[in-house]
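# Structural overview
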Amino acid sequence: MAAPAVSQPRSISSKTESYVDNKRKEDIRQANILAARAVADAVRTSLGPKGMDKMISTASGEVIITNDGATILNKMEVLQPAAKMLVELSKSQDAAAGDGTTTVVVIAGAFLKQCFTLLSNGIHPTVISDSLHKAAIKAVDVLTAMAVPVELTDRESLIKSASTSLNSKVVSQYSTLLAPLAVDAVLTVVDPAKPDLVDLRDIKIVKKLGGTVDDTEMVKGLVFDKKVSHAAGGPTRVENAKIAVIQFQISPPKTDIEQSIVVSDYTQMDRILKEERNYILGMIKKIKATGCNVLLIQKSILRDAVTDLSLHYLAKSKILVVKDVERDEIEFITKTLNCLPIANIDHFRAEKLGYADLVEEVSLGDGKIVKITGIKDMGRTTTVLVRGSNQLVIDEAERSLHDALCVVRCLVNKRFLIAGGGAPEIELSRQLGAWAKVLHGMEGYCVRSFAEALEVIPYTLAENAGLNPIAIVTELRNRHAQGEINAGINVRKGQITNILEENVVQPLLVSTSAITLATECVRMILKIDDIVTVR
């Protein structure tokens, strides 16, 4: 009789044990959220025009000084998988909009903080995730309603938005020079047939040490950061240039397989040298016959592109030579010169050449560069020559210029401007907070939390500028409640002003992609309830 009595509680316990406790899942979520928030807090101090810079020291001993969110996170060695997602998030924003890489990570960090609180209150992750998705869709609608349309002919507005992007960078004092330069560079490469497409690979940035950032210029043509090969006294300046881009070598051929040739007497040696001379002379005669007087030779990994002998004959033929042109530059060069690359001497034709008014070697700083200007039928490309007193400044100027170019590209793709200075975020917070009151149950509670989270941007801007964040954000909320939707934080004056009148503007695409990408990332982190390591 005792046996059934014992077996019954065991069957009951097996039923209850089928519901495994959720402690491990909660711990995994908690660990993921804390790791991701740690990454967000690391870059938070570099947000805004008064943000701090980071000095990054790599394992190889290289030092980088920057406050570009994407660069900081890219160089960080993040090991935790969820934290790596925030690094990828910053890269996504860099690819989509080019600017707002710090903003997107800070917003994601604020959302995760609110998710942590909501999870602690017992709300299911799926409910939080769905509410966040709805809040993001509503936020994009609110931002679009706030936006001001802009035309590409309105150069001033484009310069204002590029300046806003540059104002938070290390080289912010040069924004009056770099902003118009970025606008002009993008407008030069915009194709009227496809006005919505801008390929930033058509804008080549050449860095040259020496001078200051003030010496940065846009060159309508080509610039090579190398000197002319004139070991044999060849020309360094050619007018009415006929330019060939060649992918073969003007040097004696080598055997196809690795082998050695034994020369037993001087007559054989003379014959080899004579053959070499005739081979090179034959090539140069074919080149000269087309009227070509400038050669751009692609870098070769097999053998020397030119020898002393070939340089001597090229100098006699008055042909200017630029050697070691990188393989990945060939496409840009041929597009600019409107010519074709020549892969073999037998295909050397006059119709494959490019034409320019002037090719010359110019002394710059402690080195030399080659400039090609006045190109006939030039393709839709341009070159920007960036100068700087040291390598750190040049690298940061290049990164800042890239962000400014991306901002102008955003405006070409989506022609709407929006106010900066925390104005859109506080307006979103206000409108989402009002919308949360209309929603029922848990949804409304979650949306209200996310509305509060968006206040992190104006709060951080004020904090980094050394202002009183609580007083500033309260005043900002008050002004927006009175209907001043463009009221934002003026960090220079340390007060709330109409930020549109202060010319602090940014493309709509930067704000909308920041919200949507941050939402996607947070929703993904929320849905993870376990980490499986595969060895």
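Just so it is clear, the structure is predicted and the values come from calculations on it, not from any experiment. (Residues numbered from 1 in each chain as written. Predicted model: local features only at pLDDT ≥ 70, side-chain atom pairs only at ≥ 80, totals over all residues. Heavy atoms only, no water.)

### What about the overall build of the protein chain?
Helix and strand counts for the protein chain stand at 17 helices and 17 strands. Against the 2.2 N^0.38 benchmark of 24 Å for 535 residues, the protein chain shows a C-alpha radius of gyration of 31 Å, more extended than a compact globule. With the C-alpha coordinates of the protein chain rotated into their principal frame, the extents come out at 115 × 75 × 45 Å. Residues counted as buried form 50% of the 535 residues belonging to the protein chain. Across the protein chain, contacts joining residues at least 24 apart in sequence account for 78% of those joining residues at least 6 apart. Surface exposure of the protein chain reaches about 26,400 Å², of which carbon and sulfur atoms provide 52%. Looking at the protein chain, you have 64 positive and 64 negative side-chain charges, and the mean spots of the two groups are 2 Å apart. (Helix = DSSP H or I, 4+ residues; strand = E, 2+ residues; numbered from the N terminus. Rg over C-alpha atoms; globule rule 2.2 N^0.38 Å. Buried < 20%, exposed > 50% of the residue type's maximum accessible area, 1.4 Å probe, protein only. Contact = heavy atoms within 4.5 Å. Areas by Shrake-Rupley, 256 points an atom, 1.4 Å probe, with all protein chains shown as cover. Lys, Arg positive; Asp, Glu negative; His and termini not counted. Charge placed at Lys NZ, Arg CZ, Asp CG, Glu CD.)

### Comments concerning the side chain of S157
One can find S157 in helix α7 (residues 155-166). With a relative accessible area of 12%, S157 lands in the buried category.

### What about the packing of helix α5 (residues 101-120) against helix α17 (residues 508-527)?
Between α5 and α17, the least distance of the axes is 9 Å, while the angle of their chain directions is 40°. As far as their axial angle goes, α17 and α5 are oblique. Of the two possible hands of crossing, α5 and α17 adopt the one that is right-handed. Judged by residue contacts, V104, I107, A108, F111, L112, C115 and L119 of α5 engage A514, I515, L517, A518, T519, V522, I525 and L526 from α17. Looking at the contact of α5 with α17, its residues break down into 14 nonpolar, one polar and no charged. (Axes fitted to C-alpha atoms, helices over the stretch in contact; angles between N-to-C directions. Parallel < 35°, antiparallel > 145°, perpendicular 65-115°, else oblique. Left-handed = near helix turned anticlockwise from the far one by under 90°. Nonpolar A, V, L, I, M, F, W, Y, C, P; charged D, E, K, R; others polar.)

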